[in-house]
Amino acid sequence: MALDAGLVGRSYPPSVVYEVGREKIAEFARALGDPDSVYVDPEAARAAGHPDVIAPPTFAIVLSLGAGEVVLADPEVSIDYSRVVHGEQRFVHHRPIRAGDRLVATASVEAVRSVAGNDMLTTRVDLTTEDGEPVCRTSSMLVARGTA
């Protein structure tokens, strides 16, 4: 069954506050194999013009992946997750994520389309500080194979 185009623009409640910790940033950088000292050394980060260590750009997935699950849990979305592959991921940063940030993630449906018998669902997650400062916008396109 094809996804309902009426879902486009639907927004979901913001996530709980996630406090970004230095150790979580360091773990993520190690998992990527990225040795950049701005991810683990506060002095190196300050020397590079940051108030504390910063996260690798793809660290935003830590928050956006969980926030995007609210879309998939929506019964009106009705996507068969067993048939889903990840088609695309984008990050637009307004500034680096840094240790000490208290971030909130808000998910919405950005696009719905059917192509060659496949449903394509694009979700957007806006990451802001708890005070509302924009930090990052992520977009994720999921393809549900053979459902349309």
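In this report, we go over the structure that sits alongside the text. (Residues numbered from 1 in each chain as written. Predicted model: local features only at pLDDT ≥ 70, side-chain atom pairs only at ≥ 80, totals over all residues. Heavy atoms only, no water.)

1. What about the overall build of the chain?
Within the chain, the regular secondary structure consists of three helices and five strands. In the chain, the succession of α and β elements from N to C terminus is β-α-α-α-β-β-β-β. Each principal axis of the C-alpha distribution contributes one length, and for the chain these read about 55 × 30 × 20 Å. Taken over 148 residues, the chain has a buried fraction of 40%. Put simply, 71% of the contacts in the chain that link residues at least 6 apart link residues at least 24 apart. A total accessible area of about 7800 Å² is found for the chain, and carbon and sulfur atoms account for 54% of it. (Helix = DSSP H or I, 4+ residues; strand = E, 2+ residues; numbered from the N terminus. Buried < 20%, exposed > 50% of the residue type's maximum accessible area, 1.4 Å probe, protein only. Contact = heavy atoms within 4.5 Å. Areas by Shrake-Rupley, 256 points an atom, 1.4 Å probe, with all protein chains shown as cover.)

2. Some points on helix H3 (residues 61-73)
Compared with an ideal rise of 1.5 Å per residue, which puts 13 residues at 18 Å, H3 spans 18 Å between its outermost C-alpha atoms and is within 8% of the ideal. Residues Leu63, Ser64, Ala67, Gly68 and Val71 constitute the buried set of H3. Seen along its axis, H3 keeps its buried residues to an arc of 120°; they face one direction. Looking at H3, the residues exposed on the side facing more than 90 degrees away from the buried face are Leu65 and Ala73. (Expected span 1.5 Å × (residues − 1). Arc of directions from axis to C-beta.)

3. What to know about helix H1 (residues 22-32)
All of the buried residues in H1 are Ile25, Ala26, Phe28 and Ala29. Seen end-on, H1 carries its buried residues on one side only, within an arc spanning 165°. Summarising the geometry of H1, the exposed residues directed more than 90 degrees from the buried face are Arg30 and Ala31. For H1, the secondary structure elements touched by its buried residues are H3. A positive backbone phi angle near 75° is found at Gly33, which sits one or two residues after H1.

4. As for the nonpolar core
Ranked by internal contacts, the top residues of the largest apolar core, which has 35 residues, are Ile25, Phe59, Val77, Ile97, Leu121 and Leu127. Contributions of two or more residues to this core are made by H1, H3, strand S3 (102-115), strand S4 (118-129) and strand S5 (134-144). Among the elements that line this core, the one with the most residues is S3, at five residues. Here Leu127 is in contact with Ala60, Leu63, Ile97, Val104, Ala105, Glu133, Pro134, Val135 and Cys136, once residues within four sequence places are set aside. (Core = buried A, V, L, I, M, F, W, Y, C linked by side-chain atoms within 4.5 Å.)

5. Describing the packing of aromatic side chains
According to the stated counting rule, one finds one aromatic pair in the structure shown. Residues Phe28 and Phe59 carry aromatic rings whose centres are separated by 5.3 Å and whose planes lie at 80° to one another, so their mutual orientation is edge-to-face. Here Phe28, found in helix H1, pairs with Phe59, found in the loop between helix H2 (42-47) and H3; they are 31 residues apart in sequence, far enough to count as distant. No difference in accessibility class separates Phe28 from Phe59, as the two residues are buried. (Phe/Tyr/Trp six-rings, centres within 6.5 Å; stacked < 30°, edge-to-face > 60°.)

Interpretation in functional terms is not warranted from these geometric data alone.
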